[in-house]
Amino acid sequence: MTILTVALKYLRGRLVASTLTAVSIALGVSLVVASVLLAGGIKEGFIAGATDYNLVVGAKGSPTQLVLSVVFRMDLATPNIEYTAYRDLQQDPRVETAVPIAVGDAYRGFRYVATNSAYFAAFPWRRKTFALAAGKFFADDPPSDPTYEALLGAEAARSTGLQIGDRFYEGEEMAEYPLTVVGILRPTHSADDRAIFFSLPSYWGMNEVARGMAVKPLTAVLIRPKRMSDLPSLHRALNVAPETQAVLPSGVLLTIFNMMAVAEDVLKMILAIVGAIVLLYVFVSMYSATMERRREIATMRALGARRATVLGIVLAESAALAAAGGLGGIVGGHAVAYLARSLLGSSGLVTNPFLFDVLEPAVLAGVILLGTVAGLLPAVLAYRTEVAENLAPLS
Amino acid sequence: MGAQSAVVLRDVKKAFPLRGGLGLEVLDLEHLALPAGSCTVLRGRSGSGKTTLLNLVAAPTAGTVHVADTDVFALSEARRDRFRAENIGYVFQTFNLLSALSALENVMLAMMFADAVPQHLQRRHSTGLLARLGLAERLAHKPAQLSRGEQQRVAIARALANSPPLVLADEPCASLDARTASEVLAIFLAVCREDEKTLLLVSHDEAALGGADRVIDMSELNRTEARKGST
């Protein structure tokens, strides 16, 4: 028999109370772990979505709105720019890749995104890869002969139930221009999972105003420069132009993260309160267990247990409870993150629920330490048990 | 102090503090020596200081108490705890078994506080003790699964776990029915005799009184009681 075995026997002796205490610790810890993972995942999602291209060129207005609407499809589309802006950029010697984008209406809540095949190309610098789950990519058709072929993001396909070969349109006025599903993408865990892609000629063909325009409209152009050193001059030149603005997505990310920081601070406060409540619960549980057990502690003292031994037993109990709760909480936190990714992954949440942070052993150690601290007062009560006054027939 | 005396108490006093700085004296004992291997029974009316006397042997507060030639009062608290674990077995009136532990674990628990039995022998030693007390079939039972007589036998085995030379027992059978009490007492006395324990027993049981080498009435031993009796 050791201090730890006695402590574990005691915990097992009051199984329901011990389990409830460990579960409450686990809930608190999993809340913290899941929040950290998800907050990190949201930031990671913004970074992953915004870093493939170094510049987003669109109509003058709010830079944040431009990036949110074009890259993350989280805001209303900005006004149009002319297709010639794309042509000019494509021919600019400083530009490695230019990708035209037109963000349009939506089909059952899934945004129409018109672009060309460059959007899906596997450039060596790309973090994101597009792979087909079924069918093919739509063709780069000439403006005079739009194909109306649609490529569905994974979530858009799953949710609408559309299959290869299906024709669809939203609103009676669009019945003349139905889209035909030719491909379905694998999940990318980004906003693209909720998009319906097709060619720019198809977009212009479907849009009554665009049909009559000599110079076709676009929402934005995504730019990757040949050399990073060209980025400032491109940025400056495009901002000087009267019609366009060029936005560095990384700069917009800072704005977004600053807005998130306020929410994160509130979250931290809530988590701190949750932590305090859990600690209090451990304290109350250990306190009542110790009070119930005063007679047994006195008995152990009478049998020759030193004060340090009974102190050790109570502390070992609270440490074991905290360790069980902490481990359960870390596993639970990852499970919540896994569920959240399954449910929210298509909104751009990038998190790997199976990736264990190096900080987690430190979190576990902290939980055990705090749990032990919560058991300190009950342990001191046990420590102070006098032999002579408690040896008497304890009735 | 005689060489054959396992326990010698001298000028042992105990007063419980009262409000106003005064103390309520409950025990004033000039001298008591228990020969090694003897069985001494203390008897007396309720409140005559029997339990207080047992407590003071295990954890003295004033006077001198020698157990196995060691001045218990002179030891530091930690050493006194260890000394108690190795040299004094205690049987409580209310058993005081640890509810979360099995019969075997309750006996092994006492060994945890002393170095009397090597770790690898503790299980075998505890099993043997419980078997001697007729509990070979009850090793894994928790106290709540045992009868009261069985619980007290586990408590006796626990008191003997570290093979202490001295065993103190405070009305060990008072909470048992008469038949169970005499069974438990008989086995307790027999084991103590066999192992040549010095036994100090508080009891009013006829069987205990009959089996004792010496019966002491607290009114003769405790000068506080004697003073009460003369007023």
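Predicted, not measured: the structure shown is a model, and the values here were computed from it.

Trainee: Which parts of the structure should I look at to understand the overall build of chain A?
Mentor: Summing up its helical and strand segments, chain A has 14 helices and 12 strands in all. Whereas a compact globule of 395 residues would reach a radius of gyration of roughly 21 Å, chain A reaches 31 Å, over 25% beyond that. Projected onto its principal axes, the C-alpha coordinates of chain A cover approximately 105 × 45 × 35 Å. Scored against the burial criterion, the 395 residues of chain A give a buried share of 45%. Restricting the contact set of chain A to residue pairs at least 6 apart, pairs at least 24 apart contribute 79%.

Trainee: Explanation requested: the sheet that holds strand E4 (residues 64-67) of chain B in the structure shown.
Mentor: Pairing between the strands of a sheet is mediated by backbone hydrogen bonds and can be parallel or antiparallel. All names here are of chain B. Across the sheet, 4 strands lie side by side as E2-E1-E4-E5; this open sheet has antiparallel pairing. The two strands at the open ends of the sheet, each matched to only one other strand, are strand E2 (23-35) and strand E5 (70-71). One ladder, built from 11 bridges, connects strand E1 (residues 5-17) with E2; its direction is antiparallel. By the bridge assignment, Leu-9 is partnered in E2 with Leu-32.

Trainee: Help me out: how do you make sense of the nonpolar core in this one?
Mentor: Inside soluble globular proteins, nonpolar side chains tend to come together where they are buried. Residue and element names in this part refer to chain A. Of all hydrophobic cores here, the largest spans 175 residues; its most connected members are Val-56, Ile-196 and Val-221. Ranked by the residues each element gives to this core, the list is headed by helix H2 (residues 15-50), at 14 residues. Among the domains, domain 1 (3-46 + 256-390) and domain 2 (55-247) are the pair contributing at least three residues each to this core.

Trainee: Would you explain the domain arrangement of chain A in this entry?
Mentor: How big an interface is tends to be expressed through the accessible area that disappears when the partners come together. What the domain assignment reports for chain A is domain 1 (3-46 + 256-390) and domain 2 (55-247). A separation of 49 Å is found between the C-alpha centroids of domain 1 of chain A and domain 2 of chain A.

Trainee: When you look at the sheet that holds strand E8 (residues 198-202) of chain B in this model, what are you seeing that I'm missing?
Mentor: Residue and element names in this part refer to chain B. Strand order in the open sheet formed by 5 strands is E6-E7-E8-E3-E9, with parallel pairing between adjacent strands. Of all strands in the sheet, those with a lone pairing partner are strand E6 (88-91) and strand E9 (214-217), marking the two edges. Here the average twist between neighbouring strands, direction ignored, is 15°. Relative to the sheet, helix H5 (residues 148-159) contacts E6 and strand E7 (166-170), its axis offset from that of E6 by approximately 170°.

Trainee: Would you explain the packing of helix H9 (residues 249-292) of chain A against helix H11 (residues 307-344) of chain A in this entry?
Mentor: Packed helices, taken two at a time, are described by the angle between their axes plus the distance between the axes. Residues and elements named next belong to chain A. Relative to each other, H9 and H11 sit at 145°, their axes nearing to 11 Å. With respect to the hand of their crossing, H9 and H11 are arranged in right-handed fashion. From H9, Val-282, Met-286 and Thr-290 reach across to H11, where they touch Val-314, Glu-317, Ser-318, Leu-321 and Ala-322. Taken together, the residues of the contact of H9 with H11 sort by class into 5 nonpolar, 2 polar and 1 charged.

The rules we used
- Residues numbered from 1 in each chain as written.
- Chains lettered and ligands numbered in written order.
- Predicted model: local features only at pLDDT ≥ 70, side-chain atom pairs only at ≥ 80, totals over all residues.
- Helix = DSSP H or I, 4+ residues; strand = E, 2+ residues; numbered from the N terminus.
- Rg over C-alpha atoms; globule rule 2.2 N^0.38 Å.
- Buried ≥ 20, exposed ≤ 12 C-beta atoms within 10 Å, placed from the backbone.
- Contact = placed C-beta atoms within 7 Å.
- Pairing = 2+ DSSP bridges.
- Core = buried A, V, L, I, M, F, W, Y, C linked by C-beta atoms within 7 Å.
- Domains from an automatic or database assignment.
- Axes fitted to C-alpha atoms, helices over the stretch in contact; angles between N-to-C directions.
- Left-handed = near helix turned anticlockwise from the far one by under 90°.
- Nonpolar A, V, L, I, M, F, W, Y, C, P; charged D, E, K, R; others polar.

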